[in-house]
Amino acid sequence: MSQDPEAVAEAICRFLRDDILAEGVAFDAATPLARLGVDSLAIVELLLFVERRFGVTVPEARLTRAVLGSAESLARCVCELESDEG
Amino acid sequence: MSSRRLSVPLSGSDYFALALDHDMRRSGLAGNVCRLVVDLDGHLDAARLREAIDASGMEPWFANAAYSRRLPFIKPCWRRRGRARRLRIAEHVTPPAPRPGQPEGSDLSLPGGDLAIPSYPLTCCFDLVHRSTGRTSLVLTWHHGMMDARGAELLLSHINTPAEPEQLAGLLFGAEPQRLHQQFREWFGVVGGLREARRSLMHVDEASHPPIASADGNGVSRVGARNRFRILPFTQAETARVGAHGDRVGASFRHSLFYLAATVRALEAVRAGRGAGPASYLVPVPQDRRRRGAAGPVFSNRVSFFFYRAEPADVASIEALVAALARQMTDQVRRGVPDSFAKAMDMFQRVPLAWYARILHGPSGGQFASLFFSDTGHWRGAGEASPAFLGMPVVDLTHLAPVSSPPGLGVVCSTFEGRLAVVLSWVEGVLGEDEIDLMARTLRAELLGGGADR
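This is a predicted model, so every value here is computed, not measured.

Reading guide: rules and limits
- Residues numbered from 1 in each chain as written.
- Chains lettered and ligands numbered in written order.
- Predicted model: local features only at pLDDT ≥ 70, side-chain atom pairs only at ≥ 80, totals over all residues.
- Helix = DSSP H or I, 4+ residues; strand = E, 2+ residues; numbered from the N terminus.
- Contact = placed C-beta atoms within 7 Å.
- Rg over C-alpha atoms; globule rule 2.2 N^0.38 Å.
- Buried ≥ 20, exposed ≤ 12 C-beta atoms within 10 Å, placed from the backbone.
- Nonpolar A, V, L, I, M, F, W, Y, C, P; charged D, E, K, R; others polar.
- Axes fitted to C-alpha atoms, helices over the stretch in contact; angles between N-to-C directions.
- Parallel < 35°, antiparallel > 145°, perpendicular 65-115°, else oblique.
- Left-handed = near helix turned anticlockwise from the far one by under 90°.
- Core = buried A, V, L, I, M, F, W, Y, C linked by C-beta atoms within 7 Å.
- Pairing = 2+ DSSP bridges.

Participant: Explain the overall build of chain B to me, and be specific about the residues and the numbers.
Facilitator: When helices and strands are tallied, chain B shows 14 helices and 15 strands. A fraction of 77% describes how many contacts in chain B between residues 6 or more apart in sequence connect residues 24 or more apart.

Participant: Can you tell me about the overall build of chain A, naming the residues and giving the values?
Facilitator: When helices and strands are counted, chain A shows 3 helices and 0 strands. If you list the helices and strands of chain A from N to C, you get α-α-α. Its C-alpha atoms give chain A a radius of gyration of 12 Å, near enough to 12 Å, the size a compact globule of 86 residues would have. Principal-axis analysis of the C-alpha atoms places the extent of chain A at approximately 40 × 25 × 20 Å. Counting across all 86 residues of chain A, residues that qualify as buried make up 33%. Sequence-distant contacts in chain A: of pairs separated by 6 or more residues, those separated by 24 or more amount to 69%.

Participant: Break down the interface of chain A and chain B for me, with residues and values.
Facilitator: Between chain A and chain B, the contact holds 18 residues from the first and 17 residues from the second. Ranked by the residues each element gives to the side of chain A that touches chain B, the list is headed by helix 2 (residues 40–54) of chain A, at 7 residues. Here the residues of the side of chain A that touches chain B sort into 13 nonpolar, 2 polar and 3 charged.

Participant: Describe the packing of helix 9 (residues 255–273) of chain B against helix 11 (residues 318–335) of chain B, listing the residues and the values that go with them.
Facilitator: Residues and elements named next belong to chain B. At a minimum axis separation of 9 Å, helix 9 and helix 11 run at an interaxial angle of 130 degrees. Considering the angle they form, helix 9 stands oblique to helix 11. In this structure, helix 9 crosses over helix 11, and the sense of that crossing is right-handed. Where helix 9 abuts helix 11, its residues Leu257, Phe258, Leu260, Ala261, Ala262, Val264 and Arg265 lie against Ile318, Leu321, Val322, Leu325, Ala326 and Met329. For the contact of helix 9 with helix 11, the class distribution of residues is 12 nonpolar, no polar and 1 charged.

Participant: Now, about the nonpolar core: what can you tell me, with residues and values included?
Facilitator: Residues and elements named next belong to chain B. By size, the foremost hydrophobic cluster in this structure holds 147 residues, and its most contacted members are Leu260 and Ala261. Looking at this core element by element, the count peaks at 10 residues for helix 9. If sequence neighbours within four positions are ignored, Ala261 has contacts with Ile318, Leu321, Val322 and Leu325.

Participant: Pulling in residues and values, what's your account of helix 5 (residues 165–173) of chain B?
Facilitator: Residue and element names in this part refer to chain B. Of all the residues in helix 5, the buried ones are Leu168, Ala169, Leu171, Leu172 and Phe173. Of the surrounding secondary structure, the elements contacted by the buried residues of helix 5 are strand 1 (7–9), helix 3 (59–64) and helix 4 (149–160). At the exit of helix 5 stands Gly174, carrying a positive phi of roughly 80 degrees.

Participant: Before we move on, can you summarise the pairing of strand 13 (residues 392–400) of chain B with the specific residues and values?
Facilitator: Residues and elements named next belong to chain B. For strand 13, a buried count of 7 out of 9 residues is recorded, marking the element as mostly surrounded by other parts of the structure. Direction of pairing for strand 2 (residues 33–40) relative to strand 13: antiparallel, over a ladder of 6 bridges. In the sheet register, Val37 faces strand 13, and the bridge partner there is Thr398. Both strand 12 (residues 388–389) and strand 13 contribute to a ladder of 2 bridges, which runs antiparallel. Across the sheet, the residue bridging to Ala388 is Pro393, located in strand 13. Adjacent in sequence and paired antiparallel, strand 12 and strand 13 are bridged by 2 residues, among which Leu390 carries a positive phi angle near 50 degrees.

Participant: Can you tell me about the pairing of strand 7 (residues 136–143) of chain B, naming the residues and giving the values?
Facilitator: All names here are of chain B. Across the 8 residues that make up strand 7, a large majority, 8, are buried. The alternating pattern of strand 7 places Thr136, Leu138, Leu140 and Trp142 on one face and Ser137, Val139, Thr141 and His143 on the opposite face, and all of these are buried. Strand direction decides the pairing type here: strand 2 and strand 7, joined by 8 bridges, are antiparallel. Paired with Val33 across the bridge in strand 7 is His143. Bridge count between strand 6 (residues 124–130) and strand 7: 7 bridges; the pairing is antiparallel. Pairing of Val129 across the sheet is with Ser137, part of strand 7.

Participant: So what's going on with the sheet that holds strand 8 (residues 227–233) of chain B? Residues and values would help.
Facilitator: The strands making up a sheet associate through hydrogen bonds between their backbones, and the pairing can be parallel or antiparallel. All names here are of chain B. An order of 8-15-14-11 is seen for the 4 strands of this open sheet, with the pairing classed as mixed. In this open sheet, the two edge strands, each paired with only one partner strand, are strand 8 and strand 11 (372–378). Sheet twist, expressed as the mean angle between neighbouring strand axes with direction ignored, is 15 degrees. Where strand 14 (residues 409–416) and strand 15 (residues 419–427) come together, 8 bridges link them in antiparallel fashion. Note that in strand 15 the partner of Leu409 across the bridge is Trp426.

Participant: I'd like a rundown of the packing of helix 1 (residues 5–20) of chain A against helix 2 of chain A, residues and numbers included.
Facilitator: All names here are of chain A. Packing of helix 1 against helix 2 leaves a shortest axis separation of 11 Å and a crossing angle of 130 degrees. When the axes of helix 1 and helix 2 are compared, the pair comes out oblique. For the crossing formed where helix 1 meets helix 2, the hand is right-handed. From helix 1, Val8, Ala11, Ile12, Phe15, Asp19 and Ile20 reach across to helix 2, where they touch Ala42, Glu45, Leu46, Phe49, Arg53 and Phe54.

Participant: Any chance you could break down unusual backbone geometry for me, citing the residues and the numbers?
Facilitator: Residue and element names in this part refer to chain B. The linkage connecting Ser405 with the following residue, Pro406, adopts the cis geometry, with an omega of -5 degrees. Along the chain, Pro406 turns up in the loop between strand 13 and strand 14. Backbone torsion omega between Pro406 and Pro407 reads 10 degrees, so that peptide bond is classified as cis. Positionally, Pro407 belongs in the loop between strand 13 and strand 14. If you check the backbone angles, Glu417 has positive phi at about 50 degrees while not being a glycine. Tracing the chain through its elements places Glu417 in the loop between strand 14 and strand 15. By C-beta crowding, Glu417 is classed as partly exposed, having 14 other C-beta atoms within 10 Å.

Participant: With reference to specific residues and values, describe the environment of B:Leu397.
Facilitator: Residues and elements named next belong to chain B. With respect to the helices, strands and loops of the structure, Leu397 is situated in strand 13. Residue classification places Leu397 among the buried positions, given that 24 C-beta atoms sit within 10 Å. Sequence spacing of Leu397 and Ala66 is 331 residues, and the spatial spacing of their C-alpha atoms is 28 Å. Once residues lying within four places of it in the same chain are set aside, the contact partners of Leu397 are Val38, Trp379 and Phe416.

Structure below.
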């Protein structure tokens, strides 16, 4: 069953808040990840979270700046991949 | 928690840095001492800097922290000595005599010898190098045992913009440190901790089987040898080209791995020039463990490590090497290797320092890495909108990290205002001038995508 992009973005934001970002960092799904100091290690952690939580592996070809720009853009990619697989 | 507290526990990476320092000094090098050079567009004098340091509230810790172990096999701690020392600030005037290929702001030569090097007791100090152009280079020199590179950047940010007194302790130390009774309780969890730590130690053991490629010949004495540095600056346009080439070879968001791949291939060019046979590269890469988006903690090292191994077949092409490193990164995150190694470093704090240094030196004679590599990333300060220090624009920022022998070679990448800089650090005698020229040329070509110009 394909996911709602907003729900996926919310789950990604929750993971960022709980596991990656410092307490009190203000952000939303559209905030650029680079502005939050999210580095390559944090992105790998994020991609592994997406794999565990949604059963979707983002292929190398999709790991572009646009897709990895924000929680929102990554969520859209996850939903597209889910519907492709579904 | 108060910033006036008298002790905080060491982190596992503090103790690791101290063990490296022990090893460096035993082999005759100057020690695990780092520098951050900040070039300012203006004249900064010692009185103004002193005033800002006083206002920051950071001095009592940074000038007076001393290593202490209260009981054998209990984790050591940093203690604040009762006698209040001041951080040393020295001023120098240097003529405009840059080394060939270096901008004036990167020239660290000084009349009358080198900058001061803090030893024991561990501390940090400041030098202000006044240039003939009217600019000042602020040089922060610190012992790696007490702080990492990101901590040094944060220290300067907090001197620039002092925190409220009630925020100071959190910015300096982070979470509430463990009390002695908690440490005793932790002892009972040692078995579980060992199990956790074992995962990374097994990974390191698997990754480090010989032959390991190195620029350093075994058994050569380095007594009295100095660390030398060469800075490879890239313009904004060149840095954009580097990013585009990284994308072309499949690095995607993993810029650091692309820089590492280019570095390994540059060292391979040097080894090829020596007629060295095929060998694998083992590179430990530090990783900042602070929560992202935070302006602290400043004090203490907050890193763990990834361990990358590049086989001769991988090194043959930059694309293959980037792909191999990317696979290893994901695999290590999946297996929790950095977390596990942080636990291992934590466990080793109970071992006396000299033993620990001996363990690191190990059966491989200290050949536990082909080179040291780190990428400090984009300078972020503590979140300031534009880079400035005490009202003066920051025009450049350079990290200079020491290296032990072996491996005798280190590479630090950093990006400031969209400009990449790569600093080569080597122990005198490990690489000749021609070899450093070759390494610098190859590294630039690998990064820019012009092909290796050998």
